[in-house]
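# Summary of structural features
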Amino acid sequence: MRNYLLSAVVVAAAAVAPAQATTVPTIIFTANTFTLPSYVTGSTTIQNFESFAAGHQFPGTTGANPSSKTGNVSVEQGSVPNQFLAPDPSSTNKYLSIAGGTYTVSFAPAQVFSFVLGSLDRYNSVTLTFANGTSQILNGAGIIGQTDPGGSPNFGLSGRVTYDMGGGSAIVKAVFGSTQAAFEIDNLVTAAPEPATWGMMILGFGLAGAQLRSRRRSAKLAVA
């Protein structure tokens, strides 16, 4: 009976936890929106580029979320045909354009890392570095968890992409790259694990432990 009880707790924990618990994130993509997935709570915006002048080379930042760049990386506003596509064409938000270079941002370990992108191209890439020292490179459609549909090199997809580690090794750095014009990103966000998920897991293990202790006491009384 004890083995059955432990098995039930493990199954219950798996049911409430995110499916992925490794250094391979679950990728969630929502087209044409800035909105985070509804289950993500306690999020922190680490960069939105609004404080920088449009059209100027991005200088990078220091402090809590240090960043750096190589090549042509600039803050833009609005769309430029055949060059930049604003992540949200209906807004006047400023965003970062990577047109032959890289942009790197480091941050406190996060189970969730999310950002908004402009029209996705095959020559775009995202490299995630994890707290355990490993990394993963996502190219083109793989950035949003899809496969290359073929045809035009421009996928024509914009929206929010979210990487969820599901309790695995946290993400600590992201490198955005593009070999051509351009990779457009905005509204970079990190978040901790969803509290309700971890609360249910802790409660489940706590109840299981209490039941096992109760059964041990009952067994000792019966022997006595």
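Small disclaimer: the values here were computed from a predicted structure and weren't measured.

With respect to burial, strand S4 (residues 94-110) is a largely interior element, 12 of its 17 residues being buried. Looking at chain direction, strand S3 (residues 67-77) and S4 are connected through 10 bridges and run antiparallel. Opposite Gln 77, over in S4, you have Lys 94 as the bridge partner.

A word on the confidence of the model for the protein chain. The predicted model of the protein chain has a mean per-residue pLDDT of 78, with 71% of residues at 70 or higher. Looking across the protein chain, the model is least confident in helix H1 (residues 2-16), with a mean pLDDT of 32, and most confident in strand S6 (residues 124-130), with 97. Across residues 197-206 the pLDDT falls below 50, and counting only partners more than four positions away or on other chains, this stretch makes 12 contacts in the model.

The subject of this paragraph is the nonpolar core. One finds Tyr 103, Phe 113, Phe 115, Ile 143, Tyr 163, Phe 176 and Leu 188 to be the most contacted residues of the largest nonpolar core, which totals 34 residues. Only S3, S4, strand S5 (112-117), S6, strand S8 (159-164) and strand S9 (171-191) provide two or more residues apiece to this core. Apart from the residues lying within four places of it in its own chain, the contact partners of Phe 113 are Ile 46, Phe 107, Leu 128, Val 161, Thr 162, Tyr 163, Ile 171, Ala 174, Phe 176, Leu 188, Val 189 and Thr 190. Within the second largest apolar cluster, 5 residues are counted, among which are Phe 84, Ala 86, Tyr 95 and Ala 182.

What follows deals with the environment of Gln 146. By the element assignment, Gln 146 lies in the loop between strand S7 (135-139) and S8. Residue classification places Gln 146 among the partly exposed positions, given a relative accessible area of 39%. For the pair formed by Gln 146 and Ile 27, sequence separation is 119 residues and the distance between their alpha carbons is 9.1 Å. Filtering out sequence-adjacent residues up to four positions away, Gln 146 remains in contact with Phe 29, Ala 141 and Leu 157.

Here we come to the side chain of Ser 158. Along the chain, Ser 158 turns up in the loop between S7 and S8. Here Ser 119 takes part through its backbone nitrogen, which lies 3.2 Å from a polar atom of the side chain of Ser 158.

Moving on, we get to the packing of aromatic side chains. Counted according to the given criterion, the structure contains 11 aromatic pairs. For the pair Tyr 103 and Phe 176, a centre-to-centre distance of 6.2 Å together with 25 degrees between the ring planes defines the contact as stacked. You can see Tyr 103 sitting in strand S4 and its partner Phe 176 sitting in strand S9, a full 73 residues away along the chain. Accessibility assignment for this pair places Tyr 103 and Phe 176 in one class, buried.

We now examine the pairing of S7. The pairing of S6 with S7 spans 5 bridges and is antiparallel. Bridge pairing in S7 links Val 126 to Leu 138. Remark: 4 residues form the turn of the hairpin made by S6 and S7, two consecutive strands paired antiparallel; Gly 133 in that turn has positive phi of roughly 95 degrees.

About the thresholds
Residues numbered from 1 in each chain as written. Predicted model: local features only at pLDDT ≥ 70, side-chain atom pairs only at ≥ 80, totals over all residues. Heavy atoms only, no water. Buried < 20%, exposed > 50% of the residue type's maximum accessible area, 1.4 Å probe, protein only. Helix = DSSP H or I, 4+ residues; strand = E, 2+ residues; numbered from the N terminus. Pairing = 2+ DSSP bridges. pLDDT = per-residue confidence, 0-100. Contact = heavy atoms within 4.5 Å. Core = buried A, V, L, I, M, F, W, Y, C linked by side-chain atoms within 4.5 Å. Polar contact = N/O pair within 3.5 Å; in protein donor to acceptor, adjacent residues only side chain to side chain. Phe/Tyr/Trp six-rings, centres within 6.5 Å; stacked < 30°, edge-to-face > 60°.

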